[in-house]
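An overview of the molecular structure
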Amino acid sequence: MPRAARLRLALQTREQHIRREKATSNVCTAQVLLGVMAGMYAVWHGADGLRRIAERAHRLASVAAAGFGDAGVEVCNDTWFDTLRARVPGGARAVAAAAADRGYNLLVVDDDHLGISFDETHGPEAVEAVWSAFGVTASLDALETTAPSGIPEALERTEPLLEHAVFSRYRTEHEMLRYLRRLADRDLALDRTMIPLGSCTMKLNATTEMEPVTWNEVANLHPFAPVDQVQGSLRMIRELETALCAITGYDAVSLQPNAGSQGELAGLLAIRAYHRQKGDHDRTVCLIPSSAHGTNAASAVMAGMSVTVVACDRDGNVDLDDLRRQVDATGERLAALMVTYPSTHGVFEEEIRDICEIVHAGGGQVYLDGANLNALVGLAKPGEFGADVSHLNLHKTFCIPHGGGGPGVGPVAVRAHLAPHLPNHPLSGEAGPASGVGPISAAPWGSAGILPISWVYIALMGADGLRMATKLAILTANYVAARLGPHYPVLYAGAKGRVAHECILDLRPIKDASGVTVDDVAKRLMDYGFHAPTMSFPVAGTLMVEPTESESLAELDRFCEAMIAIRGEIERVESGEWPADDNPLCNAPHTAEDVTADGWSHPYPREVAAFPVRELRNAKYWPPVGRIDAAHGDRNLVCACPPVEAFAG
Ligand SMILES: *Cc1c(COP(=O)(O)O)cnc(C)c1O
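Procedures and definitions
Residues numbered from 1 in each chain as written. Predicted model: local features only at pLDDT ≥ 70, side-chain atom pairs only at ≥ 80, totals over all residues. Heavy atoms only, no water. Helix = DSSP H or I, 4+ residues; strand = E, 2+ residues; numbered from the N terminus. Rg over C-alpha atoms; globule rule 2.2 N^0.38 Å. Buried < 20%, exposed > 50% of the residue type's maximum accessible area, 1.4 Å probe, protein only. Contact = heavy atoms within 4.5 Å. Lys, Arg positive; Asp, Glu negative; His and termini not counted. Charge placed at Lys NZ, Arg CZ, Asp CG, Glu CD. Patch = residues over 30% accessible without salt bridge, like charges linked within 9 Å, V, L, I, M, F, W, Y side chains within 5 Å. Areas by Shrake-Rupley, 256 points an atom, 1.4 Å probe, with all protein chains shown as cover. Salt bridge = Lys/Arg side-chain N within 4 Å of Asp/Glu carboxyl O. Phe/Tyr/Trp six-rings, centres within 6.5 Å; stacked < 30°, edge-to-face > 60°. Lys NZ or Arg CZ within 6 Å of the ring centre and 35° of its normal. Pairing = 2+ DSSP bridges. Expected span 1.5 Å × (residues − 1). Bend = angle between axes of the 7 residues up to and from the residue. Domains from an automatic or database assignment. Buried area = accessible area lost by both parts, 1.4 Å probe. Nonpolar A, V, L, I, M, F, W, Y, C, P; charged D, E, K, R; others polar. pLDDT = per-residue confidence, 0-100.

**Topic: the overall build of the chain**
Along the chain, the regular secondary structure elements total 22 helices and 14 strands. A globule of 649 residues ought to have a C-alpha radius of gyration of about 26 Å, and the chain, at 28 Å, matches this closely. Overall, the C-alpha framework of the chain stretches about 90 × 70 × 45 Å when taken along its three principal axes. The buried share among the 649 residues of the chain stands at 49%. Pairs at least 24 apart in sequence give 68% of the contacts found in the chain among residues at least 6 apart. Each charge class in the chain was averaged separately, 56 positive and 80 negative side chains, and the resulting centres sit 3 Å apart.

**Focus on a nonpolar patch on the surface**
On the surface, Leu33, Leu34 and Met37 cluster together into a nonpolar patch covering about 260 Å² of accessible area. We classify Leu33 as partly exposed; its relative accessible area is 34%.

**Brief notes about the packing of aromatic side chains**
If you walk through the whole model with that rule in mind, you get nine aromatic pairs. With a centroid separation of 5.1 Å and 75° between ring planes, the pair formed by Tyr341 and Phe385 is classed as edge-to-face. On the criterion of sequence distance, the pair formed by Tyr341 in the loop between strand S8 (334–340) and helix H14 (352–361) and Phe385 in helix H15 (residues 382–385) is long-range, its members being 44 residues apart. Looking at Phe385, the relative accessible area reads 11%, which means it is buried. Ring pairs connect the aromatic residues Tyr341, Phe348 and Phe385, which therefore count as one cluster. Stacked on the ring of Trp622, the Lys or Arg Lys620 has its end atom at 5.0 Å from the ring centre.

**So, the pattern of salt bridges**
Counting across every chain of the model gives 24 salt bridges. For Arg325, the salt bridge goes to Asp322, with nearest N and O atoms at 3.3 Å. With Arg325 and Asp322 both in helix H13 (residues 320–330) and three residues apart, the pair spans about one turn of that helix. Classification of Arg325 by relative accessible area gives exposed; the value is 51%. The residue Asp464 makes a salt bridge to Arg467 at a minimum N-O spacing of 3.3 Å. On the criterion of helical spacing, the pair formed by Asp464 and Arg467 is a turn pair, its members being three residues apart in helix H16 (residues 451–484). For Asp464, a relative accessible area of 60% corresponds to the exposed category.

**Regarding the side chain of His113**
Looking at the secondary structure, you find His113 in strand S4 (residues 113–117). A relative accessible area of 17% means that His113 is categorised as buried.

**Overview of the sheet that holds S4**
Taken in spatial order, the four strands make up an open sheet running S1-S2-S4-S3, and their pairing is antiparallel. Where the open sheet ends on each side, the last strands, each with one partner, are strand S1 (74–75) and strand S3 (107–110).

**Digging into H16**
Given 3.6 residues per turn, any residue in an α-helix points the same way as the ones three and four places further on. Look at H16: only 37 Å from first C-alpha to last across 34 residues, short of the 50 Å you get at 1.5 Å a residue. At Gly462, H16 shows its maximal bend, which comes to roughly 100°.

**Looking at the domain arrangement of the chain**
Its domain assignment divides the chain into domain 1 (230–446) and domain 2 (471–623). Taken together, the 17 residues of domain 1 in the interface contact 20 residues of domain 2. Here domain 1 and domain 2 share an interface that buries about 1,400 Å² over both sides, 65% of which is from carbon and sulfur atoms. On the surface where domain 1 and domain 2 come into contact, there are zero salt bridges. Each residue belonging to the side of domain 1 that touches domain 2 can be placed in one class, and the counts come to five nonpolar, nine polar and three charged.

**As for the side chain of Asn317**
The topology assignment puts Asn317 in the loop between strand S7 (306–310) and H13. Judged by its relative accessible area of 17%, Asn317 is buried. Setting aside residues up to four positions removed in sequence, Asn317 forms contacts with Ala311, Cys312, Val347 and Glu349.

**Some details on the confidence of the model for the chain**
In this model, the chain carries a mean pLDDT of 92, and residues with pLDDT of at least 70 account for 93%. Low pLDDT, under 50, characterises residues 1–17; the stretch is placed with 22 contacts to residues that sit more than four places away or in other chains.

**A few points about the sheet that holds strand S12 (residues 503–506)**
Sheet strands line up and pair through hydrogen bonds in the backbone, either parallel or antiparallel. One open sheet holds the three strands; their spatial order is S12-S14-S13, and the pairing between them is antiparallel. At either margin of the open sheet sits one strand with a lone partner, and together these are S12 and strand S13 (534–535). By the bridge criterion, four bridges tie S12 to strand S14 (residues 542–545) in an arrangement that is antiparallel. Note that in S14 the partner of Asp506 across the bridge is Thr542.

**Re a negative patch on the surface**
Together, Asp313, Asp315, Glu350, Glu351, Asp354 and Glu357 line one region of the surface with negative charge. Within the secondary structure layout, Glu357 lies in helix H14.

**A word on the environment of Pro401**
Among the secondary structure elements, Pro401 is positioned in the loop between strand S10 (389–391) and strand S11 (412–414). For the pair formed by Pro401 and Ala473, sequence separation is 72 residues and the distance between their alpha carbons is 17 Å.

**What about unusual backbone geometry?**
With the exception of glycine, the majority of residues adopt a negative phi angle, and the majority of peptide bonds are in the trans configuration. For the peptide bond that leads from Tyr341 to Pro342, omega is -15°, which places it in the cis range. If you trace the backbone, Pro342 turns up in the loop between S8 and H14. Here the residue pair Phe537 and Pro538 is connected by a cis peptide bond, since its omega of 0° sits within 30 degrees of zero. Residue position: Pro538 is located in the loop between S13 and S14. In this model, Leu162 sits at a positive phi of 50°, which is unusual for a non-glycine residue. Checked against the element boundaries, Leu162 lands in the loop between helix H5 (140–146) and helix H6 (166–169). Phi is positive for Ser536, which is not a glycine, with a value near 55°. Looking at the element boundaries, Ser536 is found in the loop between S13 and S14.

This is how it looks when you write it as structure tokens:
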């Protein structure tokens, strides 16, 4: 358990290390939902329950193996846990068909071999059905007691597992429910407040979109189910691909990548394969402007390319002179430019077509990072700007919940010349072109189970609805920029003084004048009941706000008013009324324990700490912990498990 706890914390902090060419990971989409589900499975069942489940699956496999042995069907493995490989020379496909008739899918390894796995959803009837598909008649009753185990003694686990109290505490539904509720109450999630994280598009995940994910036909489909059993899913996948081609202006889409960053890797592998096919083996340099998302550089390195950073001008746009210089200097080694559009600075760069032309003239391909498509859908198509390939983030623009909410889908979309180099899959001929670059994720269609969310979103919105959503997303970002601009300088804007889907609030001058930092403002927002915007990305010392079309005017105003009130508090620090080291900002967030303590020595009242605006009296989110030293915590992972001695006796 200690190891697992450390791993969880380590994963939680990895996003912090996406630092362009210094990045250690290119994934920022969390798999938290899956981690939580697996964790809660263990919390509910505990060590005993998991052991019982495992022993049962193993017993079924052992009984099946014994029945095969008695009937002369060769079992290839000497040892097993839950999976057997049976040999039926020349007969594998016929046996698999007979099993399918009985409601069970076996894995056809080749013409002679079948794979059979048992799990906790199976009972003895599954063993009998499989036997019958093989033409085996055996006695369950007899074998149940006599079948030998397939686990070698040396591999039997003897040390205890899941010793933390959490794995034995919740054994009634009441207790479990309350435990989950307690955890959820600590979370400042979308069900309480807007989460204005710039570059993350935390928009509405509508109930209608989410519901199909729970349907048996979707939720319980095996990723390698035979193609003739998944025609409905394939149709949905094709329709979604077609819609995404129409939206982006590209010719082909692969839904296999599980994250935007995986889409980037897939797109860059396609570019490399394209160059190689033309004999250009040395085209391995990827130019990346400093305004690009941090994953881009990390993906380029993963794809075996080297990264050269292109400068941006004062307005945050790609510096065309520097781009030309770099393209010339790179010469025949130029593989690609990766440009984020609209840029992570939150502006539509007017020179995007010129940028594409310069790179094409140098023999490179243009990778346009389309994770920010929320500002483009229905209004403009990256495939028509001159770009060759983009990824989209269905878990941003197309409503799949993400962040703490679950797995992503980062489709990669390409123009026709790159289509032969999209991902494919050795176990599924339909999952990509035969000439493809191989699998980019384990399952042929990646996170297929959540595709209905985006399919439903597009179907319900229609072309007009999508266009309206984009316009609203741009409008809300500009509304926030216009309301907050007089209080916090907006760092970048386009030629007409407008932003795209997000705006960067520059707190650096405020810090110079008052000592109040972005961290202080972010933490203080929790006292006001808000999740902080993106901090110090892509520019250190700034906050990046992306409101999205999903937020109502009332919620936008609530946020703007909180930010304006915080600006007023900063002024009181600046004027010396509140000391720089003892004020509501640097002490934020204030927990219930803080404000109800017997002693209160701060120069501002408890009321200012907890209820800085009136409405909070009706609906207050209490931060569960006060300020911690986040950087220190990231670098000094500590296991919060009870010490080993606590388990003595
Ligand atoms: C979110 C984002 C990514 C990375 O997507 P993941 O799914 O987190 O890997 C890449 N580029 C941009 C512009 C993004 O906003």
